[in-house]
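Residue-level structure breakdown
So the chains spell out like this:
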Amino acid sequence: MNKAGKQSIGWHLHPQLAEDTHPVAHFALSDLQLMDDANHPWLILVPRVEDAVEWIDLDDTQQAELTREIGRACRALQSLFKPNKLNVAALGNMVPQLHVHVIARFNDDIAWPRPVWGTATAQPYSPEELVRRIETLRAALA
């Protein structure tokens, strides 16, 4: 996004994120995506800022907006799933495009207490589960 808040002309969702996620919502700054892994309620926020790789690539206004959007995603997961913990991280080791993971974690989930990455094979949502999960998330965000 430029300083006026308009989407950067050259911005696009990284191909790996496009392959691994499904769209949920379009926030002021970010696209909210659902990770296609039914093992965990897992959202990803991707700021629509061309060439943003790190948090510091966002200006102060964008950083504040992303913080609000992360909070919104956290509150949705908290209200829907009542997790024991919310993991929030911007790693980007495999996908350089700035994106923030928001993951609901449970004491009895498949990876607990380890990170979700590399612990278990992702379980894609069935088409029916995917529709239900996205509808439920959209309602919680409304």
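Just so it is clear, the structure is predicted and the values come from calculations on it, not from any experiment.

**Focus on the overall build of the protein chain**
When you go through the protein chain residue by residue, the secondary structure sums to three helices and five strands. Along the protein chain, helices (α) and strands (β) appear in the sequence α-β-β-β-α-β-β-α when read from the amino end. Expected size for 142 residues packed as a compact globule is a radius of gyration near 14 Å; at 15 Å, the protein chain falls within 12% of this value. Within the protein chain, buried positions represent 42% of all 142 residues.

**A few points about a negative patch on the surface**
A surface patch of like charges, here negative, comprises E50, D51, E54 and D57. Note that E54 resides in the loop between β3 (42–47) and α2 (60–81). Take E54: its relative accessible area is 44%, and that puts it in the partly exposed class.

**Concerning the pairing of strand β5 (residues 100–105)**
Within β5, six of the six residues are buried, which leaves it mostly tucked inside the rest of the structure. Of the two faces of β5, the one holding V100, V102 and A104 and the one holding H101, I103 and R105 are both buried throughout. Pairing of strand β4 (residues 85–89) with β5 involves five bridges; the strand directions are antiparallel. In the sheet register, A89 faces β5, and the bridge partner there is H101.

**Things to note about the confidence of the model for the protein chain**
Summing up the model confidence of the protein chain, the mean pLDDT is 93 and the portion of residues at 70 or higher is 94%. Across residues 1–6 the pLDDT falls below 50, and counting only partners more than four positions away or on other chains, this stretch makes 12 contacts in the model.

Reading the values: the criteria
- Residues numbered from 1 in each chain as written.
- Predicted model: local features only at pLDDT ≥ 70, side-chain atom pairs only at ≥ 80, totals over all residues.
- Heavy atoms only, no water.
- Helix = DSSP H or I, 4+ residues; strand = E, 2+ residues; numbered from the N terminus.
- Rg over C-alpha atoms; globule rule 2.2 N^0.38 Å.
- Buried < 20%, exposed > 50% of the residue type's maximum accessible area, 1.4 Å probe, protein only.
- Patch = residues over 30% accessible without salt bridge, like charges linked within 9 Å, V, L, I, M, F, W, Y side chains within 5 Å.
- Areas by Shrake-Rupley, 256 points an atom, 1.4 Å probe, with all protein chains shown as cover.
- Salt bridge = Lys/Arg side-chain N within 4 Å of Asp/Glu carboxyl O.
- Lys, Arg positive; Asp, Glu negative; His and termini not counted.
- Charge placed at Lys NZ, Arg CZ, Asp CG, Glu CD.
- Pairing = 2+ DSSP bridges.
- pLDDT = per-residue confidence, 0-100.
- Contact = heavy atoms within 4.5 Å.

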